[in-house]
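Architecture at a glance
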Amino acid sequence: MQLRFVGCGDAFGSGGRLNTCFHISGRAANFLIDCGTSALPALKRLEIDRNEIDLILITHFHGDHFAGLPFVLLDAQFSRRTRPLTIAGPQGLETRLGQVMEALFEHSSKTKQHFELNLIELAPGRSQSFGGVNVTPYPVVHGESGGPFLAYRVEVEGRTLAYSADTEWTETLIPLAHGADLFIAEAYMYEKVVKNHLSLKTLEQHLPAIGAKRLVLTHMSDDMLSRLDDVPHLAAEDGMVLVF
């Protein structure tokens, strides 16, 4: 399996990094996790074929994880996509997507696509398969507005990928990422504990219990980015490719 960080930044573009969007591909699987505002130009810059993407998983409805969808969908419409596309995310997905599309491009939510578009709402603890991609959502803690908030454990082509999404420390991160081949974890702050976000030092306290085989840090603020020389873990960069 290959993971490409289309964007790994926070909501404020710290370090000049783009909004969150991960591209995962394998022998047959081809999907995105999150689709922040900058996703479409980043996908094009990296020459990732959007028409080959079958599935987009959304963790929550903040703009840096969700607001790229109207651009991706309109691009698919105007490029005459015919391949079906599934978008899966928290409860309220269909309503929120319609709202953001209308806010950005009036009447776009009512335009009939040239391709089959399936919107699937996911519930914590209830696994769902999308072709060969098995997704188990876990609830995480990231405030009030923009939720529900989900983290994902994804089993695909014999590998397991876990993604914390945006969250403060919660015990559900242990089963989420336990024994995963790759754990993508938010490390918003280096040491300071802030509400609704995870610090590296807090995460490190729980890494033995999590027991993931490989860790990569993402969604880092300027505070965290300024300390990367002191960090013994792999930190994501826009465009970085990992094989797991």
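My aim in this report is to walk through the structure given alongside it, one point at a time. Because the structure is a prediction, the values reported are computed rather than measured. (Residues numbered from 1 in each chain as written. Predicted model: local features only at pLDDT ≥ 70, side-chain atom pairs only at ≥ 80, totals over all residues. Heavy atoms only, no water.)

**Let's talk about the overall build of the chain**
- Scanning the chain for helices and strands turns up seven helices and 14 strands.
- A compact globule built from 244 residues would reach a C-alpha radius of gyration of about 18 Å, and the chain, at 17 Å, matches this within 12%.
- Along the first, second and third principal axes, the C-alpha atoms of the chain reach 50 × 35 × 35 Å.
- For the chain, the proportion of its 244 residues judged to be buried stands at 55%.
- Sequence separation of at least 24 residues holds for 64% of the intrachain contacts in the chain that already meet a minimum separation of 6.
- In the structure as shown, the chain presents an accessible area of about 10400 Å², 49% of it carried by carbon and sulfur atoms.
- Positive and negative charge centroids in the chain, built from 21 and 29 side chains respectively, lie 5 Å apart. (Helix = DSSP H or I, 4+ residues; strand = E, 2+ residues; numbered from the N terminus. Rg over C-alpha atoms; globule rule 2.2 N^0.38 Å. Buried < 20%, exposed > 50% of the residue type's maximum accessible area, 1.4 Å probe, protein only. Contact = heavy atoms within 4.5 Å. Areas by Shrake-Rupley, 256 points an atom, 1.4 Å probe, with all protein chains shown as cover. Lys, Arg positive; Asp, Glu negative; His and termini not counted. Charge placed at Lys NZ, Arg CZ, Asp CG, Glu CD.)

**So, the layout of surface pockets**
- There is about 170 Å³ of room inside the largest pocket.
- As for the largest pocket, its lining consists of Ala28, Ala29, Asn30, Asp54, Leu55, Thr86, Phe130, Gly131, Gly132, Val133, Val156 and Glu157.
- Across the lining of the largest pocket, the residue classes tally to six nonpolar, four polar and two charged. (1 Å grid on protein atoms, 1.4 Å probe; cavity = no way out; pocket = protein on both sides within 12 Å on 5 of 7 lines; lining within 4 Å. Points joined across faces, edges and corners; volume = space filled by probe spheres on them. Nonpolar A, V, L, I, M, F, W, Y, C, P; charged D, E, K, R; others polar.)

**Focus on unusual backbone geometry**
- A cis amide bond, omega 5°, links glycine 147 with the succeeding residue proline 148.
- Residue position: proline 148 is located in the loop between strand E8 (133-139) and strand E9 (150-156).
- In this structure, histidine 107 takes a positive phi of about 75° despite not being glycine.
- The topology assignment puts histidine 107 in the loop between helix H4 (93-104) and strand E6 (117-122).
- Phi is positive for histidine 219, which is not a glycine, with a value near 55°.

**Quick word on the sheet that holds strand E2 (residues 21-25)**
- The mixed open sheet is built from seven strands, whose spatial order is E6-E5-E4-E3-E2-E1-E14. Both outer strands of the open sheet, E6 and strand E14 (241-243), are each paired with one neighbouring strand and no more. On average, each strand axis in the sheet is inclined to that of its neighbour by 20°, with strand direction left out of account.
- Sheet analysis places strand E1 (residues 2-7) next to E2, joined by five bridges and oriented antiparallel. Considered in E2, the bridge of leucine 3 is made with isoleucine 24. (Pairing = 2+ DSSP bridges. Axes fitted to C-alpha atoms, helices over the stretch in contact; angles between N-to-C directions.)

**Section: the environment of leucine 117**
- Mapped onto the elements of the fold, leucine 117 is located in strand E6.
- For the pair leucine 117 and histidine 62, spaced 55 residues apart in the sequence, the C-alpha separation amounts to 22 Å.

**As for the sheet that holds strand E13 (residues 234-235)**
- Spatial ordering of the open sheet is given by E7-E8-E9-E10-E11-E12-E13, a layout of seven strands whose pairing is mixed. Two strands in the sheet have a free side with no partner beyond their single neighbour: strand E7 (128-130) and E13.
- In this structure, E8 lies alongside E9, joined through seven bridges in antiparallel fashion. In the strand pairing of E9, threonine 136 is matched with arginine 153.

**Points about the packing of aromatic side chains**
- Counted by the stated rule, this structure contains four aromatic pairs.
- Centre to centre, the rings of phenylalanine 5 and phenylalanine 22 are 5.1 Å apart; their planes meet at 80°, and the pair counts as edge-to-face. Of this pair, phenylalanine 5 sits in strand E1 while phenylalanine 22 sits in strand E2, and the two are 17 residues apart along the sequence. Of the two residues examined, phenylalanine 5 and phenylalanine 22, each falls in the buried class.
- Between the aromatic rings of phenylalanine 71 and phenylalanine 105, the centroid separation amounts to 5.4 Å while the plane-to-plane angle is 85°, which identifies the pairing as edge-to-face. (Phe/Tyr/Trp six-rings, centres within 6.5 Å; stacked < 30°, edge-to-face > 60°.)

**What about the packing of helix H3 (residues 69-78) against H4?**
- Here H3 crosses H4 at 75°, and the two axes come no closer than 9 Å. Taken together, the axes of H3 and H4 lie roughly perpendicular to each other. Across the interface between the two elements, Leu69, Pro70, Phe71 and Leu73 from H3 touch Leu97, Val100, Met101 and Leu104 from H4. (Parallel < 35°, antiparallel > 145°, perpendicular 65-115°, else oblique.)

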